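In case you want the letters, here they are:
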Amino acid sequence: MNTEQILTICEYDKLYIRQNRNLKKKIISEKDAAYLQQIVIDNSPIFTFGNRCLIAQKWVGVVALPDYTIEILPKIFDEASAEKSRDVLVRMLLVAHLSTNIRQIPAALSMKKQSLMEMLIETFLVELQTYVDSGLQHDYKKVSQNIKKVKGKILFNQHINRNAWNPTHFFCRYSSYQEDTGLNQFFKACLLCMGEATNDIRNKKKIDELLSAFYYVSSITREEALNLNIEFTAINTRAEEAFKYGSMFLENIYATLNAGATKIYSMLFDMNLLYETFIYRAALTAYGNRVTYQRKAGYVVSRNSDDKKFICMRPDLTVKTNDGTEIIIDTKWKIPNKFAKESDIYQMNAYSTSSQRVSKVILLYPHLDSTVKMVGKYTLLLGTGKTRVLEIKTIDVTKVLVWNDFMTDLRAVINE
């Protein structure tokens, strides 16, 4: 799909609804609006209605409408080019979902020409081609079949039922060394799903070529593919990268039927969750097992009669320092109005009193012109006892394009 067919907006942007579409002015038709209204993820609409407009919500990614694609980028699109914002989003997704090892992140992503979904499909196809070129993995599989020659063992109950009047056949169960394995079924499911979702001619052609290699592999549904329990060993590790990209695609692709029974495909990510997971995976690289994710940090309320506890606190990140104290970090992908929300400050106050080991708590926002004004050290005034420090900080996620620079900034933010 070429760039003229992509309407690029950022989170919480408005799409104006008029009779005729004008993508350059972010104007969509009433028919387009009806399509978008039907897309709901986890009971949450990706667009809400305003005054003759639709307002994008917390989701980033793409929605492939019949005639064009809507691309939703992170808030940094306000302060960076679409190309840079798109590239940052890709890197954040790969770190959060695949690997924190920057060497495993593709350096040449063709994002100048394609949407996020097409990029992910293309990258998967490149990795899958490498796996196919080295030969599909085969494995022994139990087969029950009515055959003319005894093979394995005869299943006598089934044999009698089927062959009482046919003495030339035997119903046997035996092991067959074949390519119809769970891993290959997973890859075929990815190819079939991508073939329906893609609008890119090159991707379609490549999918058709690769499907021929999986001709003798059984077809399974997306849901069945995601439920497969596939383990990687020295024998099949060559397929692991393709599997990661395929999983990322299947887990995040959504198909919605419009009134004309045409599927509208969307690949969308909750930006709040993505930012939280991304920071955790990066911190894990920097601090190893000293970092924990959503660890229980105590309870807020205890009932006097039986000591039953309620409302468990689970901060996003907890970092153990060298002196045995703890730093609690809560990520916020928000653009506050003048200062942090009251509810966020109350939450940080609770975290600060959750343990005597807590040395400070950090609210971590993305680095934007509107968030940098809040940066500083604060003292939490509620409660008694030792002084409790709240730090409000930002981090420039665009630096993820130069991994070492980003990691330097992250260590400075945590600043043990």
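Scoring rules and cut-offs
Residues numbered from 1 in each chain as written. Predicted model: local features only at pLDDT ≥ 70, side-chain atom pairs only at ≥ 80, totals over all residues. Heavy atoms only, no water. Helix = DSSP H or I, 4+ residues; strand = E, 2+ residues; numbered from the N terminus. Buried < 20%, exposed > 50% of the residue type's maximum accessible area, 1.4 Å probe, protein only. Contact = heavy atoms within 4.5 Å. Lys, Arg positive; Asp, Glu negative; His and termini not counted. Charge placed at Lys NZ, Arg CZ, Asp CG, Glu CD. Pairing = 2+ DSSP bridges. Axes fitted to C-alpha atoms, helices over the stretch in contact; angles between N-to-C directions. Polar contact = N/O pair within 3.5 Å; in protein donor to acceptor, adjacent residues only side chain to side chain. Patch = residues over 30% accessible without salt bridge, like charges linked within 9 Å, V, L, I, M, F, W, Y side chains within 5 Å. Areas by Shrake-Rupley, 256 points an atom, 1.4 Å probe, with all protein chains shown as cover. Salt bridge = Lys/Arg side-chain N within 4 Å of Asp/Glu carboxyl O. Parallel < 35°, antiparallel > 145°, perpendicular 65-115°, else oblique. Left-handed = near helix turned anticlockwise from the far one by under 90°. Nonpolar A, V, L, I, M, F, W, Y, C, P; charged D, E, K, R; others polar. Disulfide = S-S within 2.5 Å. Core = buried A, V, L, I, M, F, W, Y, C linked by side-chain atoms within 4.5 Å. Phe/Tyr/Trp six-rings, centres within 6.5 Å; stacked < 30°, edge-to-face > 60°.

Draft legend 1. The arrangement of the overall build of the protein in detail. For the protein, the helix and strand inventory stands at 11 helices and 22 strands. Along the longest, intermediate and shortest principal axes, the C-alpha atoms of the protein span 90 × 60 × 45 Å. With 416 residues in all, the protein has 48% of them scored as buried. For the protein, contacts bridging at least 24 residues in sequence account for 64% of all contacts bridging at least 6. The centroid of the 55 positive side-chain charges in the protein is displaced by 3 Å from the centroid of its 45 negative side-chain charges.

Draft legend 2. Examining the sheet that holds strand 12 (residues 170-178) more closely. The antiparallel open sheet is built from 3 strands, whose spatial order is 10-12-11. Each edge of the open sheet is held by one strand with a lone partner, namely strand 10 (139-147) and strand 11 (153-154). Helix-sheet contacts for helix 4 (residues 156-163) involve strand 10, strand 11 and strand 12, and the interaxial angle to strand 12 is about 120°.

Draft legend 3. Fine view of the environment of Ser144. Here Ser144 is to be found in strand 10. What makes Ser144 partly exposed here is its relative accessible area of 35%. Leaving out residues up to four positions away in the same chain, Ser144 has contacts with Leu155, Phe171, Cys172 and Arg173. Within the structure, Ser144 has its side chain in polar contact with the side chain of Arg173 (distance 2.8 Å).

Draft legend 4. Main features of a nonpolar patch on the surface. Residues Val300, Val301, Phe310 and Ile311 make up a contiguous nonpolar surface patch of about 340 Å² in total accessible area. Residue assignment for the nonpolar patch shows that the elements contributing at least two residues are strand 16 (299-302) and strand 17 (309-312). Relative to the helices and strands, Val301 is located in strand 16. Classification of Val301 as partly exposed rests on a relative accessible area of 39%.

Draft legend 5. Summary view of the environment of Asn199. Among the structural elements, Asn199 can be located in the loop between helix 5 (182-197) and helix 6 (201-211). The spatial distance from the C-alpha of Asn199 to the C-alpha of Pro66 is 9.5 Å, given a sequence separation of 133 residues.

Draft legend 6. Layout of the pattern of salt bridges. In total, this model carries 17 salt bridges according to the counting rule given. We note a salt bridge from Glu326 to Arg357, for which the minimum N-O separation is 3.3 Å. Here Glu326 is found in strand 19 (residues 326-331), whereas its partner Arg357 is found in the loop between helix 10 (342-352) and strand 20 (358-366), with 31 residues between them in sequence. The partly exposed category is assigned to Arg357, whose relative accessible area is 44%. Salt bridges linked by common partners bring Asp330, Lys332, Lys334 and Asp344 together as one network.

Draft legend 7. Broad picture of the packing of helix 3 (residues 116-133) against helix 8 (residues 240-252). Between helix 3 and helix 8, the least distance of the axes is 8 Å, while the angle of their chain directions is 155°. Regarding the angle of helix 3 to helix 8, the classification is roughly antiparallel. Handedness of the crossing formed by helix 3 with helix 8: left-handed. For the pair formed by helix 3 and helix 8, the contact residues are Met117, Leu120, Ile121, Thr123, Phe124, Glu127 and Leu128 on the first element and Glu241, Ala242, Tyr245, Gly246, Met248 and Phe249 on the second. For the contact of helix 3 with helix 8, the residue count by class is 9 nonpolar, 2 polar and 2 charged.

Draft legend 8. Here's a closer look at the state of the cysteines. Counted according to the given criterion, the structure contains 0 disulfides. Left unpaired, Cys53 is separated from the closest cysteine sulfur, that of Cys10, by 14 Å. Taking relative accessible area as the criterion, Cys53 reaches 3% and is therefore assigned buried.

Draft legend 9. Seen up close, the nonpolar core. Membership of the largest hydrophobic core comes to 78 residues, with the highest contact counts inside it found for Phe124, Leu128, Phe187, Phe249 and Phe278. No other element matches the 10 residues that helix 3 contributes to this core. Leaving out residues up to four positions away in the same chain, Leu128 has contacts with Phe187, Leu191, Leu210, Phe214 and Ala242. Counting residues in each nonpolar core, the second largest holds 22 residues, with Ala33, Leu54, Ala56 and Val63 among its members.

Draft legend 10. Spotlight on the packing of aromatic side chains. Considering all chains together, one arrives at 11 aromatic pairs under this definition. Note on Tyr131 and Phe187: the rings are 5.3 Å apart at their centroids and 50° apart in plane angle, and the pair reads as tilted. Of this pair, Tyr131 sits in helix 3 while Phe187 sits in helix 5, and the two are 56 residues apart along the sequence. Pair check on accessibility: Tyr131 and Phe187 agree, each one buried. Residues Phe186 and Phe187 carry aromatic rings whose centres are separated by 5.8 Å and whose planes lie at 65° to one another, so their mutual orientation is edge-to-face. With relative accessibility at 0%, the residue Phe187 sits in the buried group.

Draft legend 11. Looking closely at the environment of Asp344. Along the polypeptide, Asp344 turns up in helix 10. Spatially, the C-alpha atoms of Asp344 and Leu363 are 8.4 Å apart, while their sequence positions differ by 19 residues. When residues no more than four places from it in sequence are discounted, the contact partners of Asp344 are Lys332, Lys334 and Tyr365. In this structure the side chain of Asp344 is engaged in a polar contact, spanning 3.3 Å, whose partner is the side chain of Lys332.

Draft legend 12. Quick peek at the sheet that holds strand 2 (residues 14-18). Read across the sheet, 4 strands follow the order 3-2-7-6 without closing on themselves; strand pairing throughout is mixed. This sheet does not close on itself; its edge strands, each paired only once, are strand 3 (27-29) and strand 6 (47-49). Strand-to-strand twist across the sheet, computed as the mean angle between neighbouring axes with direction ignored, equals 35°. As defined by bridge partners, strand 2 adjoins strand 7 (residues 53-56) across 3 bridges and the pair is classed as antiparallel. Across the sheet, Leu15 pairs through a bridge with Leu54, a residue of strand 7. Strand contacts of helix 1 (residues 30-37): strand 2, strand 3, strand 6 and strand 7, with the helix running at about 85° to strand 3, the strand carrying the most contacts.

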